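Here is what each chain is made of, one letter per residue.
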Amino acid sequence: MEKNKLKKLYIETFGCQMNVKDSEHLIAELADEYEITNSVKEADLLILNTCSVREKPVAKMFSEIGVLKKHKKEGAKIGVCGCTASHMGKEIIQKAPIVDFVLGARNVSRIKEALNKQKAVITDIDYDDTTYIFKEHRQSPYKDYVNIMIGCDKKCSFCIVPKTRGKEISIPMDIILKQVQDLVDDGVKEITLLGQNVNNYGKRFSVNHQKVNFTKLLQEVSKIDGLQRIRFTSPHPLHADDEFIEEFANNEKICKYIHFPLQSGSTKLLKEMKRGYTKEWFLDRIEKLRAIPNVTISTDIIVGFPGESEEDFEDTIDVVKKAEFEQMFSFVYSPRPHTEAATYDNQIDKEIAKARLHKLQTLQKEILEKKAKNQIGKTYKMLVERYENGKIFGKSDNFYSIEANGDESLLGEIVEVKIIESHHSKLVGSR
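Thresholds applied
Residues numbered from 1 in each chain as written. Predicted model: local features only at pLDDT ≥ 70, side-chain atom pairs only at ≥ 80, totals over all residues. Heavy atoms only, no water. Helix = DSSP H or I, 4+ residues; strand = E, 2+ residues; numbered from the N terminus. Rg over C-alpha atoms; globule rule 2.2 N^0.38 Å. Buried < 20%, exposed > 50% of the residue type's maximum accessible area, 1.4 Å probe, protein only. Contact = heavy atoms within 4.5 Å. Areas by Shrake-Rupley, 256 points an atom, 1.4 Å probe, with all protein chains shown as cover. Lys, Arg positive; Asp, Glu negative; His and termini not counted. Charge placed at Lys NZ, Arg CZ, Asp CG, Glu CD. Salt bridge = Lys/Arg side-chain N within 4 Å of Asp/Glu carboxyl O. Pairing = 2+ DSSP bridges. Axes fitted to C-alpha atoms, helices over the stretch in contact; angles between N-to-C directions. Core = buried A, V, L, I, M, F, W, Y, C linked by side-chain atoms within 4.5 Å. Parallel < 35°, antiparallel > 145°, perpendicular 65-115°, else oblique. Left-handed = near helix turned anticlockwise from the far one by under 90°. Nonpolar A, V, L, I, M, F, W, Y, C, P; charged D, E, K, R; others polar.

1. Considerations on the overall build of the protein chain
Each helix and strand counted, the protein chain has 13 helices and 19 strands in total. By the compact-globule yardstick of 22 Å for 431 residues, the protein chain fits well, its C-alpha radius of gyration being 22 Å. Its C-alpha atoms give the protein chain principal-axis dimensions of roughly 60 × 55 × 50 Å. Expressed as a percentage of the 431 residues in the protein chain, the buried residues total 55%. Considering only contacts within the protein chain whose residues lie at least 6 apart along the sequence, 70% involve residues at least 24 apart. When the accessible surface of the protein chain is summed, it comes to about 19600 Å², and 48% of that surface belongs to carbon and sulfur atoms. Once the 67 positive and 66 negative side-chain charges of the protein chain are each reduced to a mean point, those two points are 3 Å apart.

2. Thoughts on the pattern of salt bridges
One pass over the structure, following the stated rule, counts 35 salt bridges. A salt bridge links Lys 8 to Glu 35; the shortest N-O distance between them is 2.7 Å. In this pair, Lys 8 sits in strand S1 (residues 7-13) while Glu 35 sits in strand S2 (residues 34-36), placing the two residues 27 residues apart along the sequence. As a salt-bridge pair, Asp 144 and Lys 21 come within 3.2 Å of each other at their nearest N and O atoms.

3. Considerations on the sheet that holds strand S13 (residues 296-303)
Taking strand neighbours across the sheet as the criterion, the 3 strands line up as S12-S13-S14 in an open arrangement whose pairing is parallel. Pairing within the sheet leaves two strands with one partner each, and these edge strands are strand S12 (257-259) and strand S14 (327-332). In this sheet, neighbouring strand axes are inclined to one another by 10° on average, regardless of whether the strands run parallel or antiparallel. When S13 meets S14, the two strands line up parallel, connected through 6 bridges. Among the inter-strand pairings, Thr 299 is bridged to a residue of S14, identified as Met 328.

4. Notes on the nonpolar core
Ranked by size, the top nonpolar core spans 64 residues in total, and within it Leu 193, Phe 214 and Phe 232 carry the most contacts. Looking at this core, the element that brings in the most residues is helix H7 (residues 173-185), giving 6 residues. Setting aside residues up to four positions removed in sequence, Leu 193 forms contacts with Val 146, Ile 148, Val 198, Phe 214, Leu 217, Leu 218, Ile 230, Arg 231, Phe 232 and Thr 233. Leu 68, Ala 76, Val 80 and Ala 96 belong to the second largest nonpolar core, which has 21 residues in total.

5. Describing the packing of helix H12 (residues 310-323) against helix H13 (residues 350-373)
For the pair H12 and H13, interaxial distance at closest approach is 11 Å and the crossing angle is 15°. Overall, the two elements H12 and H13 adopt an arrangement that is roughly parallel. Along this stretch, H12 crosses H13, giving a crossing that reads as right-handed. Contacts from Glu 310, Phe 313, Glu 314, Thr 316, Ile 317, Val 320 and Lys 321 in H12 reach Arg 356, Lys 359, Leu 360, Leu 363, Gln 364 and Ile 367 in H13. Taken together, the residues of the contact of H12 with H13 break down into 6 nonpolar, 2 polar and 5 charged.

6. Quick notes on unusual backbone geometry
Of note, the bond from Thr 233 into Ser 234 is cis; its omega dihedral lies within 30 degrees of zero at -5°. For Ser 234, the position within the fold is in the loop between strand S11 (229-233) and helix H9 (242-250). The phi dihedral of Lys 274 falls on the positive side, at around 60°, and the residue is not glycine. Here Lys 274 lies in the loop between helix H10 (267-273) and helix H11 (279-290). Positive phi, normally seen in glycine, also occurs at Asn 389, with a value near 50°. Mapped onto the secondary structure, Asn 389 falls in the loop between strand S15 (379-388) and strand S16 (391-396).

7. Considerations on the sheet that holds S16
The 5 strands are arranged S15-S16-S17-S19-S18 in a closed barrel whose pairing can be described as mixed. Neighbour-to-neighbour, the strand axes of this sheet turn through a mean angle of 50°, independent of strand direction. Summarising the sheet, strand S18 (residues 414-422) and strand S19 (residues 427-430) pair through 4 bridges and their orientation is antiparallel. Residue pairing for S19: Ile 419 is matched across the bridge by Gly 429.

Right under this line is the structure:
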């Protein structure tokens, strides 16, 4: 289809980085027929790529469907994709008949099939597209995300993801390396390897494949000339063995930032959550990670999980005090359909959970205030991603957002800056 005859696509993405990458795949797969628009009113196709990890995004999805219905032009189609599509399926169309199709998180490569079938509901969580070569679309010319696996084999009692993304299958290493090489050839300096449990890579392939693990994949990716930075998300603490941590520490291309989901500091609750590790194991891994110069660590924490006692909560507080995370994503437990924990009969009163969350977040704020003061005078290397009004913007190796003086010629370059101001959300540097 000629460029000037392309129809318009509006897409809204909720949730994790996996969903962001899925949206890019949707855009790329439709690029021969549609071009992106930020206007709901001019779009011919409107897609909501949804999240179902907590209850709030699901409610927001139905609210957004109502907004799209009100403002869309006549004849425009509405599609719901992602994790909520996977677990609700045809119920979405039953509750919101304006929706034209539903496409599950495991079925992104089938977008055209969904689009061309009236009231299509495609939510096969056993569908395997690990050898499917997606067309390319990315938001930044300097960095991109590369899927290394699909699905999740974990049985975390609070988590709906295995029911929306299916069993874990690793993408063949040659496909990953070819994708990274192509991105580097196109000017990309930084890639992020994506998966629900990246450091469990290599456990299962759907094709014959050499024995390989995540550490080996990191080593092979880092051999690609021209690639300057490697990130990954998210690793599972259970699989953070010494070999993995040593590679993370010593491979110069790997950025020294790691998302390390705690969920709870209580060994008792970790067992109830079926996380597979203890408080002591987590703190031992944190100690090894903290030995790495300038490393930063973020985490996820659930407060008010069923049966959480005051002692359990204080265990979480203890871990946070010892770990001193640079970033924390914390939430009150949200019962999800198709999960074991939602059936537990010892649910925690919401007001108690909210009070605990407030205490936890107050502690984290104090930790960040102390850390902010220590940033003044430090020197970081940042990848320049944006230029505006005499300022350059980007991320340091260890994932701090930095603003500094500079010009447009620095876009895509890695430059050294000295920190002169420190705020919660960003650092200000001088070159």
